[in-house]
Every structure is written in C-alpha cells, then in structure tokens.
Amino acid sequence: MITNEQRAHDIALALLQSRAKDLKPIEAYHEYVNSLLPILKEIDKDFPNGIKEHL
C-alpha cells in the first residue's frame, strides 16, 4: 500500500518540477512544503485509511 504521505510527496514533487526550475534550493523547499501540506490534507480527507494499490 502506498501511504497518503508518499502519494502527496509524489504529487508535490511533480508540481515542483514543473514550476520551480529557476528557484534557489531554499525557495524550492518552501514551494515543495507549500504544495505538500494542502495536498496531504485533501488526500487524508478523501482516503483516511490510505490507498491500496492494485497489483
């Protein structure tokens, strides 16, 4: 099972890669955290028990 945290991390990284090309490391980290937290809250609300992967 992929945890909600891992799923949110993957989404936040994808967003960061698409819009943070010219940011300095600290700015990129802030952008990542500012993306990660709202995504994680939304995923936790929608999937309180995590998301099972179908293999």
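Before reading on, note that the structure itself is shown above.
Values in this document were obtained by computation on a predicted structure and should not be read as measured data.

Asks: Would you mind going over the overall build of the protein chain with me for this structure?
Replies: When helices and strands are tallied, the protein chain shows two helices and zero strands. In terms of principal-axis extent, the alpha carbons of the protein chain reach across some 35 × 25 × 15 Å. Within the protein chain, the fraction of its 55 residues that count as buried is 24%. Carbon and sulfur atoms make up 58% of the accessible area of the protein chain, which totals about 4,500 Å². With 7 positive and 9 negative side-chain charges, the protein chain shows a separation of 1 Å between the mean positions of the two kinds.

Asks: Whenever I open this one, helix α2 (residues 25-46) confuses me. Can you help?
Replies: The terminal C-alpha atoms of α2 lie 31 Å apart, and with 22 residues this matches the ideal 32 Å at 1.5 Å per residue to within 8%. Inspection of α2 places A28, Y32, S35, L36, I39, L40 and I43 among the buried residues, and these make up the whole buried set. All buried residues of α2 fall inside an arc of 140 degrees around its axis, so they share one side. In this structure, α2 carries I26, N34, K41 and K45 as exposed residues pointing more than 90 degrees from its buried face.

Asks: Can you help me understand the pattern of salt bridges in this one?
Replies: Where side chains of opposite charge bring their charged atoms close, a pairing between them can arise. All chains considered together, the criterion is met by two salt bridges. E31 is the salt-bridge partner of R19, the closest N and O atoms lying 3.0 Å from each other. Placement of R19 in helix α1 (residues 4-19) and of E31 in helix α2 is noted, with a sequence separation of 12 residues between them. Judged by relative accessible area, which is 48%, R19 ranks as partly exposed. Its relative accessible area of 27% is what places E31 among the partly exposed residues. A salt bridge links E42 to K45; the nearest nitrogen and oxygen atoms lie 3.4 Å apart. Of this pair, E42 and K45 both sit in helix α2, separated by three residues, roughly a single helical turn. Under the relative-accessibility criterion, E42 is labelled partly exposed at 38%.

Asks: Where do I start with the environment of H30 in this structure?
Replies: Among the structural elements, H30 can be located in helix α2. The sequence separation of H30 and A20 amounts to 10 residues, and the corresponding C-alpha distance is 11 Å.

Thresholds, definitions, all that
Residues numbered from 1 in each chain as written. Predicted model: local features only at pLDDT ≥ 70, side-chain atom pairs only at ≥ 80, totals over all residues. Heavy atoms only, no water. Helix = DSSP H or I, 4+ residues; strand = E, 2+ residues; numbered from the N terminus. Buried < 20%, exposed > 50% of the residue type's maximum accessible area, 1.4 Å probe, protein only. Areas by Shrake-Rupley, 256 points an atom, 1.4 Å probe, with all protein chains shown as cover. Lys, Arg positive; Asp, Glu negative; His and termini not counted. Charge placed at Lys NZ, Arg CZ, Asp CG, Glu CD. Expected span 1.5 Å × (residues − 1). Arc of directions from axis to C-beta. Salt bridge = Lys/Arg side-chain N within 4 Å of Asp/Glu carboxyl O.

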